Structures are given as structure tokens and as C-alpha cells.
Amino acid sequence: MHITKTAMITVCGRPNVGKSSLTNALVGEKIAIVSNKPQTTRNRIYGVVNRGDTQFVLLDTPGLHKPRSRLGDYMVKVVRESLADVEAALLLVEPIAHVGEPEKVLLQRIAEEKIPAVLCINKIDTVEKKDDLLAVIAAYSETGAAFDAIIPISARTGDGLEELMAQLAKYAQEGPQLFPDGMTTDQPDAQICAEIVREKMLRCLDKEIPHGTAVEVTRFTERDSGIIDLDVTIYCEKASHKGIIIGKHGDMIKRISTLARKDIERFMGTQVYMETWVKVKENWRDNVNFIRSQGYNEQ
């Protein structure tokens, strides 16, 4: 079917509410990395979904938090900017009958931008009684925020997603297709590969160490046979962290690399050979030039 309309939708919410999981569920493949640790998504990630005559472009944003470093400042700025120039905002919340500070800030921003808002209550598969859900709806109604719709969903089971897409379709504007057929994200392949490696570090390593890392794909080449060769460098802030990332007899880096390679092969649809290095780069999070070189641009 010919695309004649587009809908740019910002998916926002506090860390860990399931923004990336929702984007992935709607797009149908893993483009936004998913982890149960906050600040997994540093950059804006676009998910692109073609349905009928409409192309939906979903902006998945970093969870709102108080910035503690240059990188943190950048992440908060991305959230603010992603609420400008969109057709609607989708505020994703957990089924908790309390409106927290991050939600209040986002509702204020949405009101300032004068854009339509949809309240999406995620993780309804964890709610035992219907009354619990009604209490959540009541808590958000009391904020005085004007929602076009309140839709309970489960990104995990797919419950409510059709209803959500039907609501989002109402915001579509006449206009040309923004992304070509078959393209599900605007992130270059190498960037997605780097994000997948970072996701595996978040899964495998404890506490603060993964947040003190950056991942760079220094080589991304495709052979005539279609096999992809990847060289990946992991930067960390301390020599002691380097030891933990590599692990005893190199076990940890092997585990991270194997998990990442499997996901990258699934994403690229071909065999991948990957070599991984770990380097120490002290205080990289406050080094503006390094942050820029990692693709976190500030314009």
C-alpha cells in the first residue's frame, strides 16, 4: 500500500517503564536496546512502522533523570527537544496509582508544546485487580492533564497494542514517506551493533561499571559472501573496570561478545565475526569531544 501519511510520535516516560520494549514490540524487531537498568537509551532512537497508508515514526527517548555529568545533560536535552515538532506524545507509565516527579515534568513539557497526549499504562499483565488500574487512571485524571486517550497495554504480551496504533493513526498528517520501505530505524547499522554490545554489558556487569563505558565500532566491513567483520572497542573509565569487563581468563568479555554477536547476527541477518578490545579512557563522560565522537551530537 502506498504511504500517504506520516505520524511522528514521541514515546516518553521515566527510566525503566518499557519505552524501548514498546518501540520494539510495535516495530516488530529489536532496534532499541532493552535493559532493566536506567539510562540504557542515551540517544534518541527512531522506530519506523509502516501500517496501511501511514508511516509511524516513534522517537524513543532517554528516561528523564537529574543530570550528573555532561552526558547526563545531553540526555535530558534530547528528551526536551524530542517533544518539539511531533504530532503527539505518548506518556508511558507503570500501573502505580501515584504521579511521580518525572511524569509531572513531562506533562508540563507536553502542555507547553500544546501537543496531543496519550497516556499509556504499561505492564498491565502484572496488575491483579481491575480496581488497581482504575486507581492509576484516577491519579492521572487528578493532575488536570488533558489526555486524548488512556490506553492500558502490555508491551511484553502485545495486549492493547492494536488499540494504541488505532489511536496514534488519528494524528497522522498528509505527507511523503520519510523513511524507505524495509527501514526500521534511522540509526546506522554500526551504531546499532555498538548499542547491542552495550546492552549485553548492562546485562552481564554489576552496578555502575556499564554506565562508565562507551562502545565504538571501529571496523564494519562486509565480505563478498555477506559475512560481516566487526572490530569493537569498549572504553571504560578505570583500569580496575577494565579487569572486571575482561574477567578471569577473559571469561566476561567472551560472554558479552558471544551474546552480542548472536543478537547482531539476528539483526543483520548474516554471519558476523567480531573482535572486541577494552581500553581505559579516564573521565570520558565529561570529555565533550569524546562524547561528540561517539555520536552524541548536541545540535
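Description of the structure in this document.

So, how was this worked out
Residues numbered from 1 in each chain as written. Predicted model: local features only at pLDDT ≥ 70, side-chain atom pairs only at ≥ 80, totals over all residues. Heavy atoms only, no water. Axes fitted to C-alpha atoms, helices over the stretch in contact; angles between N-to-C directions. Helix = DSSP H or I, 4+ residues; strand = E, 2+ residues; numbered from the N terminus. Contact = heavy atoms within 4.5 Å. Nonpolar A, V, L, I, M, F, W, Y, C, P; charged D, E, K, R; others polar. Expected span 1.5 Å × (residues − 1). Buried < 20%, exposed > 50% of the residue type's maximum accessible area, 1.4 Å probe, protein only. Pairing = 2+ DSSP bridges. Right-handed = clockwise from strand over helix to strand, strands pointing away.

### Re the packing of helix α7 (residues 239-246) against helix α8 (residues 251-268)
Here is step 1: Put simply, α7 and α8 touch, their axes get as near as 5 Å, and they point 65° apart. Contact residues: α7 offers I244, I245 and I246, while α8 offers D251, M252, I253 and I256.
Here is step 2: Each residue belonging to the contact of α7 with α8 can be placed in one class, and the counts come to six nonpolar, no polar and one charged.

### Observations regarding helix α6 (residues 189-204)
Here is step 1: Its 16 residues place the ends of α6 23 Å apart at the C-alpha level, agreeing with the 22 Å of an ideal helix rising 1.5 Å per residue.
Here is step 2: Most of α6 is tucked away, with 13 of its 16 residues classed as buried.

### Brief notes about the pairing of strand β1 (residues 5-12)
Here is step 1: Most of β1 is tucked away: seven of the eight residues are buried.
Here is step 2: In this structure, β1 lies alongside strand β7 (residues 173-174), joined through two bridges in antiparallel fashion. For K5, the partnering residue across the bridge sits in β7 and is E174.
Here is step 3: Where β1 lies against strand β4 (residues 88-93), four bridges are found, and the strand directions are parallel. Paired with I9 across the strands is A88, a residue of β4.

### Brief notes about the pairing of strand β5 (residues 117-121)
Here is step 1: Counting buried residues along β5, five of its five residues qualify, which places the element largely inside the surrounding structure.
Here is step 2: Side chains of β5 alternate between two faces, with A117, L119 and I121 and V118 and C120 buried alike.
Here is step 3: Of the pairings in the sheet, the one linking β4 to β5 comprises five bridges and is parallel in character. Bridging across to β5, L92 finds its partner in C120.
Here is step 4: Looking at chain direction, β5 and strand β6 (residues 149-152) are connected through four bridges and run parallel. When the bridges of β6 are listed, C120 appears paired with I151.
Here is step 5: One crossover worth recording links β5 to the parallel β6 by way of helix α4 (residues 130-141), and it is right-handed.

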